[in-house]
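Listed below are the residues making up each chain.
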Amino acid sequence: MEIGLVSEAPDAPPRRIKPEPPPEPPRGPLGRLRAYPGRFGSLLLLSLPIIVIAALAWRRRWISDDGWINMRVLQQWDAGNGPVFNAGERVEVGTSTLWLWTLRGVGLIFPDATHSQISIILGIAFMVGAFTLATVAASHLARTGEYRITALLPLGTVVWVALPPMWDFTTSGLETSLNLFWMALCFHLLVARLNRPRHRQEGAFWPIWPALIIGLGWLVRPDSALFSAFFALALLLQSKVSVLSWLGALGLALPIPVGYQIWRMGYYAALVPNTALAKSAGAANIDAGLYYFQDFIGLYAVWFPVTIGLFVVIDRLRHTARLRDVGRMAVLLAPVVAGLLHGAYIIRVGGDFMHGRFLLPATFAVLLPVACIGLSNERRGVLAAATALLLGWAMVAAGVTTRYDTSIDLVGRNTGRPTLEGIANERTFWVNSTRHHRAITLQDWRGSYPAQTGLLARMDAERHRTYYQEHDSGERYETATGVGVIVSHNNMGITSMFAGPRVKVLDQLALADAVTARTRPDEVTDSAQRTGHAPRNPAWRLARYAAPDPEEDLEVTDARAALQCGDLAALQAAITEPMTQERFWQNVEQSGRLTFLQYPENPTEARMQLCGWTPPQRH
C-alpha cells in the first residue's frame, strides 16, 4: 500500500489522505518569544530597560529654558500671531518642525492640558516607544544565522538606559525623544518588511509606510536627513530594482517635507530654521567638538559598550553575507553607518553646550541593530560573559559622578554650572535656579531671575508703558515705533513666557533674530562661551528697535544705514511685511539668497559691504 493511501475494504479503491500542514511559525514579537525555551525570562529582561527608562524619565521630568522657547511659539500661535517667537516677525526658532507641530496638534485635541504637560507626556511616550520598537526589530534580526536562538538578552537598551543624559532629555521640552522614536520606527518598518515573503519582488513603495515615515527626517531635525538617506538606501536595496519602484518610493517620501519646505520658504523666507543660521551649522569647530565628544564618551566610557555592539553587528553581517541577502545587510548597516557619520558631524560643528544631548542620536543609532541579542547554546558562554560585563558597566555609568559639575554651592549641592569649555549639566543648573528645585511647570520658575525680568516687562506693558531695555547694561531707550515694551535677554524661554505675547523679547544670541543670525561673529575669545551661542553686537538691536539719538554711538548709526541696503533691507521686508499671496511667492523666490546672506558683525564693515559705502577720511 502506498504511503498516504488508505483502503477501507479489500475490494474498495484506495482513498488519499491529505497530509496535515506543518504548524505555522509564531507571529509577532511575543509569538517569537514563545518559541524560545527561556521565553518568560527573555520577556522580563527585555521589558526591564523599557520600564526603567519610563520611571527615570518621569522622576526627572522637567522643561529646559530652550524647551520653553517652543512653548513661547505655541503661546504666540494660541494668541493668533502664528508660529513665531515675536508678533510681527516671522522667524522660525524651532529646530524640530515635527515636534512643534505635534505639540500644536495634541494641544488642539486636549485644550485643557498645558503645553508643558503635553510635552512631558509625549516625551516619555516617544522614548518608551523608541525602546520598544528597537527591541522588537532587533529580536527579529537576532534569528539570522546558523545558530538556534534559545533566549533573548537586552544589549543596546541597557546601554541607553544607563546614560544619565538619556533620562534628562527624554523630557526637557525638546525633540530628543521624537528623534529617537522616529529612528526606531524607520528601523522597525524596514525589518518588518524583510519578513514579507516576497519583499524582493515588491516595489519600494509597498507597503507605503516605510517610504512615508523615512521621508519625515528633514522635519524631525534638519540633520536627521542623514539618517533618512541611509534608511532610504536600505529600503531600495531590499526592494525590486526598477525605476518605477524607486520613483514610487520618492513619490511617498517627498510630498510632506517638500510641501512644508515651500511653506517655510514663503512664510519665513529661509531654507532652514533660524537656529541653524545662528549656530553656523555648516561651520567647523573641531577642537570644541572633540572636547564635547570626550566629555560624553570619556565620562561614561561609552566606547566599551559601543565596541561590544559593533562586534555583534559584524558577527551578524558575517552570517548574513553567507545568505547573500543584500537587503538584510543594508538594514543592519544603515543605522550604524549613519550614526557614526552623524557623530562625526556633531564633532565637526563643535558639539553643544548641553552635556551629551547631541551625541544621543548617534549612540542610539549605532546600537539600534543590537537593542537585544540572541543567545544560543553554542555561544552561551561568550554572550553571557559579555552581557555580565555590560551590566557591570551600566551600573557604573548610571552612578558616575559627573565631573563637569565642578561648582558646589554653600550647602554642598551640585549646581551644574558650565565647565571652562562651556558644557553644562543643563537640568541640574536650572533646577537649582528655581525656588523649589523643580522645573516642571511655568510657576516653578517664578522665583528665577529670567522670570522676574519677564514679569516686570509684562506689568509695564499692561500699564501701557513704552521703552526698549538692553539686558546687559539695563539702559532704557525710546522705541522706534513709540509703542510697546521691548527687552533683550540671553535666556529666551522663561523670560519670554513670563513677559507674554505682547512684549517683544530680543535674543542676544541671535537664535530668534533673523537679522543678527546672518552676521559673522568676531572670533571667540572666551573659552567658556557656549558652542553656537555667541552674543551679537547690541548695535544691531538698537538700530532696529530704538529711536534715533543724536548722541548715539557711531556703530549704531552705521547699523541703521546698513539695514536700509541691499539684501538686508529685503530680509527685513520679507519677515515683517504683512503676509499676502504676493509676499509669500516673493519670499519663496528670495529665500535661497536670503538664507546664504552673510555680513560682518561690525556695523561699519557691514555698511561698507552692503551699501558700497566708504567711511570719510579722518584728518
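Residues numbered from 1 in each chain as written. Predicted model: local features only at pLDDT ≥ 70, side-chain atom pairs only at ≥ 80, totals over all residues. Heavy atoms only, no water.

Enquirer: It is not clear to me how the overall build of the protein chain should be interpreted in this structure. Could you clarify?
Expert: Check the secondary structure of the protein chain and you find 27 helices and ten strands. For the protein chain, with 619 residues in total, the buried portion stands at 55%. Long-range contacts, defined as pairs at least 24 residues apart, comprise 74% of the intrachain contacts of the protein chain with a sequence gap of at least 6. Accessible area for the protein chain stands at about 28000 Å²; split by element, carbon and sulfur atoms hold 62% of it. (Helix = DSSP H or I, 4+ residues; strand = E, 2+ residues; numbered from the N terminus. Buried < 20%, exposed > 50% of the residue type's maximum accessible area, 1.4 Å probe, protein only. Contact = heavy atoms within 4.5 Å. Areas by Shrake-Rupley, 256 points an atom, 1.4 Å probe, with all protein chains shown as cover.)

Enquirer: Just checking my understanding: could you explain helix 27 (residues 603–611) for this structure?
Expert: The α-helix advances 3.6 residues per turn, and as a result positions three or four apart in sequence lie on the same side. Within the span of helix 27, buried status applies to P603, A606, R607 and L610. All buried residues of helix 27 fall inside an arc of 100 degrees around its axis, so they share one side. Packed against the buried residues of helix 27 are helix 23 (538–545), helix 24 (554–562), helix 25 (566–576) and strand 10 (599–600). Backbone geometry just downstream of helix 27 places G612 in the positive-phi region, at approximately 65 degrees. (Arc of directions from axis to C-beta.)

Enquirer: Mind showing me how you'd approach the packing of helix 3 (residues 65–78) against helix 5 (residues 115–141) here?
Expert: To characterise two packed helices, one gives the angle between the axes of the helices and the distance between these axes. Packing of helix 3 against helix 5 leaves a shortest axis separation of 10 Å and a crossing angle of 130 degrees. Judged on the interaxial angle alone, helix 5 and helix 3 are oblique. In this structure, helix 3 crosses over helix 5, and the sense of that crossing is right-handed. On helix 5, the residues touching W68, M71, L74 and D78 of helix 3 are H115, S116 and S119. Here the residues of the contact of helix 3 with helix 5 sort into three nonpolar, three polar and one charged. (Axes fitted to C-alpha atoms, helices over the stretch in contact; angles between N-to-C directions. Parallel < 35°, antiparallel > 145°, perpendicular 65-115°, else oblique. Left-handed = near helix turned anticlockwise from the far one by under 90°. Nonpolar A, V, L, I, M, F, W, Y, C, P; charged D, E, K, R; others polar.)

Enquirer: Sorry if this is basic, but what is going on with the nonpolar core here?
Expert: A general feature of soluble globular proteins is that nonpolar side chains tend to end up buried together. W160, M166, W182, F231 and F364 are the most contacted members of the largest nonpolar core, which has 161 residues in total. At 13 residues, helix 5 tops the list of elements feeding residues into this core. Look past the residues within four positions of W182 in its chain and what remains in contact with it is I213, I214, L216, G217, V220, S224, F227, S228 and F231. Among the nonpolar cores identified, the runner-up in size contains six residues, and V272, L277, A278 and A517 belong to it. (Core = buried A, V, L, I, M, F, W, Y, C linked by side-chain atoms within 4.5 Å.)

Enquirer: I'm lost on unusual backbone geometry in this one. Help?
Expert: Residues W206 and P207 are joined by a peptide bond in cis, for which omega reads -10 degrees. Following the sequence through the fold, P207 ends up in the loop between helix 8 (176–194) and helix 9 (208–214). You will see that S172, though not glycine, has its phi angle at about 80 degrees, which is positive. For S172, a relative accessible area of 0% gives the class buried. One non-glycine residue, H464, lies in the positive phi region at around 65 degrees. When its relative accessible area of 65% is taken as the criterion, H464 is described as exposed.

Enquirer: What am I meant to see in the pattern of salt bridges here?
Expert: Considering all chains together, one arrives at 21 salt bridges under this definition. Residues D444 and R438 are paired through a salt bridge, measuring 3.1 Å at the closest nitrogen-oxygen approach. Under the relative-accessibility criterion, D444 is labelled buried at 9%. Among the residues examined, R438 registers a relative accessible area of 37% and is labelled partly exposed. Salt bridges here are not isolated pairs; linked through shared partners, they connect E89, K504, D513 and R544. (Salt bridge = Lys/Arg side-chain N within 4 Å of Asp/Glu carboxyl O.)

Enquirer: When you look at the sheet that holds strand 7 (residues 485–489) in this model, what are you seeing that I'm missing?
Expert: In sheet architecture, strand pairing relies on hydrogen bonds along the backbone and comes in two forms, parallel and antiparallel. Spatial ordering of the open sheet is given by 6-5-7-8, a layout of four strands whose pairing is mixed. Each of the sheet's edge strands pairs with one partner strand only, and the pair in question is strand 6 (476–477) and strand 8 (504–507). In the sheet, strand 7 pairs with strand 8 via four bridges, with the strands oriented parallel. The residue bridging V487 from the neighbouring strand is V505, located in strand 8. Packing against the sheet, helix 21 (residues 449–462) makes contact with strand 5 (467–469), strand 6 and strand 7, and its axis sits at approximately 170 degrees to strand 7. Packed on one face of the sheet, helix 22 (residues 492–499) meets strand 7 and strand 8 and runs near 170 degrees to strand 8. (Pairing = 2+ DSSP bridges.)

Enquirer: What is the right way to look at the environment of L133 in this model?
Expert: Mapped onto the secondary structure, L133 falls in helix 5. A relative accessible area of 17% means that L133 is categorised as buried. Placed 49 residues apart in sequence, L133 and W182 show a C-alpha to C-alpha distance of 9.9 Å.

Enquirer: Would you explain the packing of helix 8 against helix 11 (residues 225–237) in this entry?
Expert: Between helix 8 and helix 11, whose axes approach to 11 Å, the crossing angle comes to 5 degrees. Judged on the interaxial angle alone, helix 11 and helix 8 are roughly parallel. Residues W182, M183, C186, F187, L190 and R193 of helix 8 pack against F227, S228, F231, A234 and L235 of helix 11. Counted by class, the contact of helix 8 with helix 11 contains nine nonpolar, one polar and one charged residues.

Enquirer: What exactly am I supposed to notice about the packing of aromatic side chains here?
Expert: To describe a pair of aromatic rings, you give the distance between the ring centres and the angle between the ring planes. A complete count under the given rule lists 20 aromatic pairs for this structure. By the ring-pair criterion, three or more aromatic residues cluster together here, those being W77, W101, Y260, W263, Y267 and Y268. The positively charged end of R90 is found above the aromatic ring belonging to Y267, 5.9 Å away from the centroid. One Lys or Arg, R607, reaches over the ring of W613 and ends 3.9 Å from the middle of that ring. (Phe/Tyr/Trp six-rings, centres within 6.5 Å; stacked < 30°, edge-to-face > 60°. Lys NZ or Arg CZ within 6 Å of the ring centre and 35° of its normal.)

Enquirer: Hey, could you run me through a nonpolar patch on the surface in this one?
Expert: Together, V243, L247, L250, L254, V258, I262 and W585 line one region of the surface with nonpolar side chains, adding up to about 660 Å² of accessible area. Only helix 12 (243–253) and helix 13 (255–268) provide two or more residues apiece to the nonpolar patch. By the secondary structure assignment, I262 is in helix 13. (Patch = residues over 30% accessible without salt bridge, like charges linked within 9 Å, V, L, I, M, F, W, Y side chains within 5 Å.)

Enquirer: Quick question: what am I supposed to make of the confidence of the model for the protein chain here?
Expert: Segments scoring low in pLDDT should not have their predicted coordinates read at a detailed level. Residue-level pLDDT values for the protein chain average 85, and 85% of them are 70 or greater. Mean pLDDT values over the elements of the protein chain span from 44, in strand 1 (residues 5–6), up to 97, in helix 13. Confidence drops under a pLDDT of 50 for residues 16–26, and excluding neighbours within four residues, the segment shows seven contacts in the predicted structure. Low confidence marks residues 524–528, where pLDDT is under 50. Its contacts with residues over four positions away, or in another chain, come to eight contacts. (pLDDT = per-residue confidence, 0-100.)

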